[in-house]
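An overview of the molecular structure
Chain by chain, the residues run as shown.
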Amino acid sequence: MDNNGSHPSRIGRYAIVECIGHGAMGPVYAAVEDTIGRRVAVRVGKAGDPRVHQQAKVTGQVAHPNVVSVLDLGEEEGVPFAVMELLDVAPLTARSPLTSLDQKLDVMRQVCDGLQAGHDRGVTHGGIKPSHVLLQSGGVVKLIDFGVEKRADVFASPEQLARERVTERTDIFSAAATFQFLLTGRAPFVSPAATTTEQPQAISPADAPETLSRTLLKAMDKDPQRRHASINHLRAEIDQVRQGRIGDRQRVVIAAFDRYHAIEELLAQRRAFGRRLGMASIESECDAKLAGLAARFPEFARAGLDVNRIGDVDAARASEALSELQLFHNDVAAEVSVLKAASGARR
């Protein structure tokens, strides 16, 4: 294995470009494969440590958009390595770009889909935790490192900490623990010991609706038999939360859309009163307000009069829009009232 001082210059037929990470088993490098010039990620283990190959072989059995693709295995001077697709990703342990509950629910859905793909093939992950959930810049989730059997961290299930057999319900527990971290920024247990004796830390209503908190609490039951029967059952309950939010969000979007058009109507009234009163400046003021309104809320401006043309609007954006539009509406309504009174006085 050639070495340039800071990292190997080559591993097998792969030319190393740079180190892009370092995990429990060793470093991960960006590299270029000699034959076709494909850019790949190469994970390098320690001599005599079989885990790099073991986990890569298990992960490679699961072909799914939410599971990283394993491309090759090898050994160089007694050092094992595994080759995977190179992705622009960050683990959930990094500062998360996810700011809304809708985005987080979508990540949960994708994690469940990746795990279910493994379970359908008789493969359990065994090591789900935030650092094993990678998020691409476009929001696509990639799971890594299937096939973990022994672990002792705060995302491990009680049975796994007791060195019992890893099952699908082990993955359900760890997925829910990871989801709580995603929602709150904290693991549900303060230590592995607490996992076996204490209840998960409560989730604030500001972080998640009660229905979602109950779902995760069920998934983290100490008794595997009282958890969800499958990862798909967990996903179904998460989907119910998502669908409920879509309904709530749609109601807010419609209210904001109606308020947008009410403002347009008020500005038309203001323009008409200005003309009646001979106040020429009101024309340009109304034009400026309409332009500002369309620039601030382009999704409503593009939709015209058809609410179905608005498209998907994030819940936070919809709520923010409704609040802003209500204030805007109140201001314009007050201006119209003043002009209306002045117009009446002139009669």
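Check the entry above for the structure.
None of these values were measured; they are calculated from a predicted model. (Residues numbered from 1 in each chain as written. Predicted model: local features only at pLDDT ≥ 70, side-chain atom pairs only at ≥ 80, totals over all residues. Heavy atoms only, no water.)

1. Thoughts on the overall build of the protein chain
The helix and strand tally for the protein chain stands at 10 helices and 9 strands. Computed over the C-alpha atoms, the radius of gyration of the protein chain is 28 Å, more than 25% above the 20 Å expected from 2.2 N^0.38 for a compact globule of 347 residues. Of all 347 residues assigned to the protein chain, the portion counted as buried reaches 46%. Restricting to contacts in the protein chain with at least 6 residues of sequence separation, those with at least 24 account for 60%. Positive and negative side-chain charges of the protein chain, numbering 43 and 44 respectively, have mean locations separated by a distance of 4 Å. (Helix = DSSP H or I, 4+ residues; strand = E, 2+ residues; numbered from the N terminus. Rg over C-alpha atoms; globule rule 2.2 N^0.38 Å. Buried < 20%, exposed > 50% of the residue type's maximum accessible area, 1.4 Å probe, protein only. Contact = heavy atoms within 4.5 Å. Lys, Arg positive; Asp, Glu negative; His and termini not counted. Charge placed at Lys NZ, Arg CZ, Asp CG, Glu CD.)

2. Things to note about empty space enclosed by the protein
Using the criterion set out here, one finds 1 cavity of 30 Å³ or more in the structure. By volume, the largest cavity is sized at about 70 Å³. As for the largest cavity, its lining consists of Met25, Arg43, Arg51, Val52, Gln55, Ala56, Thr59, Val68, Ala82, Met84, Ile144 and Asp145. Elements with a contribution of two residues or more to the lining of the largest cavity: helix 1 (51-59) and strand 6 (79-85). Of the residues belonging to the lining of the largest cavity, the class tally is 7 nonpolar, 2 polar and 3 charged. (1 Å grid on protein atoms, 1.4 Å probe; cavity = no way out; pocket = protein on both sides within 12 Å on 5 of 7 lines; lining within 4 Å. Points joined across faces, edges and corners; volume = space filled by probe spheres on them. Nonpolar A, V, L, I, M, F, W, Y, C, P; charged D, E, K, R; others polar.)

3. Focus: helix 8 (residues 281-296)
Its 16 residues give helix 8 an end-to-end C-alpha distance of 23 Å, which sits within 8% of 22 Å, the value for a rise of 1.5 Å per residue. Taken together, the buried positions of helix 8 are Ile282, Cys286 and Leu293. End-on, the buried residues of helix 8 take up no more than an arc of 40°, which puts them together on one face. (Expected span 1.5 Å × (residues − 1). Arc of directions from axis to C-beta.)

4. Let's talk about the pattern of salt bridges
In the structure shown here, the tally under the stated rule is 30 salt bridges. Close ionic contact of aspartate 153 with lysine 129 constitutes a salt bridge, the shortest N to O distance being 4.0 Å. With aspartate 153 in the loop between strand 9 (141-143) and helix 3 (158-161) and lysine 129 in the loop between helix 2 (101-120) and strand 8 (133-136), this residue pair connects regions lying 24 residues apart in the sequence. Since its relative accessible area comes to 17%, aspartate 153 is described here as buried. Under the relative-accessibility criterion, lysine 129 is labelled partly exposed at 24%. Arginine 227 is paired through a salt bridge with glutamate 159; the nearest N and O atoms lie 2.8 Å apart. (Salt bridge = Lys/Arg side-chain N within 4 Å of Asp/Glu carboxyl O.)

5. Focus: the pairing of strand 8
Where strand 7 (residues 89-91) meets strand 8, 3 bridges bridge the pair, whose relative direction is antiparallel. Residue pairing across strands places alanine 90 opposite leucine 135, the latter belonging to strand 8. Sheet analysis places strand 8 next to strand 9, joined by 3 bridges and oriented antiparallel. The residue of strand 9 that forms the bridge with leucine 134 is lysine 142. What sits between strand 8 and strand 9 in their antiparallel hairpin is a turn of 4 residues, with glycine 139 showing a positive phi close to 95°. (Pairing = 2+ DSSP bridges.)

6. Digging into the sheet that holds strand 8
Overall, antiparallel pairing links the 3 strands, which are arranged 7-8-9 in an open sheet. Across the chains shown, the open sheet's two edge strands, defined by having one partner strand only, are strand 7 and strand 9. Looking at each pair of strands side by side, their axes are set apart by 35° on average, direction ignored. Sheet strands touched by helix 2: strand 8 and strand 9. Its angle to strand 9, the strand with the most contacts, is close to 35°. (Axes fitted to C-alpha atoms, helices over the stretch in contact; angles between N-to-C directions.)

7. Some thoughts on the nonpolar core
Ranked by internal contacts, the top residues of the largest apolar core, which has 43 residues, are Phe179 and Leu212. Counting residues per element, the ones that place at least two in this core are helix 2, strand 8, strand 9, helix 4 (168-184), helix 6 (210-219) and helix 7 (231-276). Among the elements that take part in this core, helix 4 stands out by supplying 9 residues, more than any other. Filtering out sequence-adjacent residues up to four positions away, phenylalanine 179 remains in contact with Met108, Val111, Cys112, Leu216, Leu234 and Ile238. Core analysis: the second largest hydrophobic core is formed by 23 residues, Ala256, Ile263, Leu267 and Val332 among them. (Core = buried A, V, L, I, M, F, W, Y, C linked by side-chain atoms within 4.5 Å.)

8. Considerations on the packing of aromatic side chains
Inspection of every chain in the model, using the stated rule, returns 6 aromatic pairs. Judged by centre distance (6.1 Å) and plane angle (10°), the ring pair of phenylalanine 173 and phenylalanine 189 falls under stacked. Residue phenylalanine 173 is found in helix 4, and its partner phenylalanine 189 is found in the loop between helix 4 and helix 5 (192-197); the two are separated by 16 residues along the sequence. Considered together, phenylalanine 173 and phenylalanine 189 belong to a single accessibility category, that of buried residues. Judged by centre distance (6.2 Å) and plane angle (20°), the ring pair of phenylalanine 297 and phenylalanine 300 falls under stacked. (Phe/Tyr/Trp six-rings, centres within 6.5 Å; stacked < 30°, edge-to-face > 60°.)

9. Looking at the layout of surface pockets
The calculated volume of the largest pocket comes to roughly 920 Å³. For the largest pocket, the lining is made up of 35 residues, of which Gly23, Arg43, His132, Ile144 and Asp145 are closest to its centre. Among the elements of the structure, strand 2 (14-23), strand 3 (26-33), strand 4 (39-44), helix 1, strand 6 and strand 7 are those that each provide at least two residues to the lining of the largest pocket. Counted by class, the lining of the largest pocket contains 15 nonpolar, 11 polar and 9 charged residues.

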